[in-house]
Amino acid sequence: NIFVDFHAEATAEKKAMQFHISGRVTACVGTHTHIRTADAQIKKGTAYITDLGMTGVTDSILGLDEEAILPRFKAYSFTRNLYKRGAPYLNGAICEFDPKTGSATKIHGISEKM
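Residues numbered from 1 in each chain as written. Predicted model: local features only at pLDDT ≥ 70, side-chain atom pairs only at ≥ 80, totals over all residues. Heavy atoms only, no water.

> Honestly, helix α2 (residues 66-75) in this entry has me stumped. Any pointers?
Every α-helical turn comprises 3.6 residues, leaving residues that sit three or four positions apart pointing alike. The residue sitting at the N-terminus of α2 and contributing the capping side-chain oxygen is Asp65; that oxygen lies 2.9 Å from the backbone nitrogen of Glu67. Tyr76 sits one or two positions beyond α2 and adopts a positive phi of about 55 degrees. (Polar contact = N/O pair within 3.5 Å; in protein donor to acceptor, adjacent residues only side chain to side chain. Helix = DSSP H or I, 4+ residues; strand = E, 2+ residues; numbered from the N terminus.)

If you want it as structure tokens, here you go:
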């Protein structure tokens, strides 16, 4: 079984990787944009999702305190990363596969409040 985590900014890059390796790996999942996508699918026995999303505090900026991060966008000033406290959520995907062939049989995205 081969599981690929493709860390890329553009969804087109991730989709291109899907087409490139489908049928040769068990799963290809994208990371980096921190927002779980709703495009889980299987192509030629390879499970795919464009982005798994992030795990962290729901009411935040990528898990960080908004009051610490907003000045970066408003005034282009450096600020210290302060992790936000609060109710976290878990994003990702569950993939099932045939252990004999390595082919994926199911994939679905998950998003659970903790």
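Further notes follow.
> I'm lost on the nonpolar core in this one. Help?
The nonpolar side chains of soluble globular proteins are, as a tendency, buried together. Listed in full, the seven residues of the largest apolar core are Ala27, Val29, Ala47, Ile49, Leu52, Ala104 and Ile107. Elements that contribute at least two residues to this core include exactly β2 (27-31), β4 (46-49) and β7 (104-113). (Core = buried A, V, L, I, M, F, W, Y, C linked by side-chain atoms within 4.5 Å. Buried < 20%, exposed > 50% of the residue type's maximum accessible area, 1.4 Å probe, protein only.)

> How should the side chain of Lys84 be read in this particular structure?
Within the secondary structure, Lys84 is located in the loop between α2 and β6 (88-97). The class for Lys84 is buried, based on a relative accessible area of 18%. Among the polar contacts listed, one links the side chain of Lys84 to the side chain of Glu66, at a separation of 2.8 Å.

> Is there a simple way to explain the pattern of salt bridges in this structure?
Charged atoms that come close allow side chains of opposite charge to pair. One pass over the structure, following the stated rule, counts three salt bridges. Its salt-bridge partner being Lys14, residue Asp51 comes within 2.9 Å of it at the nearest N-O pair. In this pair, Asp51 is assigned in the loop between β4 and β5 (56-57) and Lys14 in helix α1 (residues 11-21), connecting sequence segments 37 residues apart. Like Asp51, the residue Lys14 is buried in the burial classification. The partner of Lys84 in a salt bridge is Asp59, with the nearest N and O atoms 3.9 Å apart. Here Lys84 is found in the loop between α2 and β6, whereas its partner Asp59 is found in the loop between β5 and α2, with 25 residues between them in sequence. A single salt-bridge network, built from bridges that share partners, covers Asp59, Glu66 and Lys84. (Salt bridge = Lys/Arg side-chain N within 4 Å of Asp/Glu carboxyl O.)

> Help me out: how do you make sense of the pairing of β6 in this one?
A regular strand places its side chains so that they alternate between the two faces of the sheet. Note: β5 against β6, two bridges, orientation antiparallel. The partner of Val57 across the bridge, within β6, is Pro88. Sheet topology note: the β6/β7 ladder contains nine bridges and is antiparallel. Directly across from Ile94, in β7, lies its bridge partner His108. Turn length for the β6-β7 hairpin, with the two strands adjacent in sequence and antiparallel, is six residues, and the turn residue Gly102 shows positive phi of about 80 degrees. (Pairing = 2+ DSSP bridges.)

> Is there a simple way to explain the sheet that holds β2 in this structure?
Remark on secondary structure: sheet strands pair via backbone hydrogen bonds, oriented parallel or antiparallel. Across the sheet, which stays open at both edges, the four strands sit in the order β1-β2-β4-β3 with mixed pairing between neighbours. In this open sheet, the two strands that pair with only one neighbour each are β1 (3-7) and β3 (41-43). Sheet twist, expressed as the average angle between the axes of neighbouring strands with direction ignored, equals 25 degrees. Relative to β4, β3 is paired through three bridges, and the arrangement is antiparallel. Along β4, the bridge assignment pairs Gln41 with Tyr48. (Axes fitted to C-alpha atoms, helices over the stretch in contact; angles between N-to-C directions.)

> I would appreciate a short explanation of the sheet that holds β6 in the present structure.
An order of β5-β6-β7 is seen for the three strands of this open sheet, with the pairing classed as antiparallel. Either end of the sheet is taken by a strand with one partner, and the two such strands are β5 and β7.

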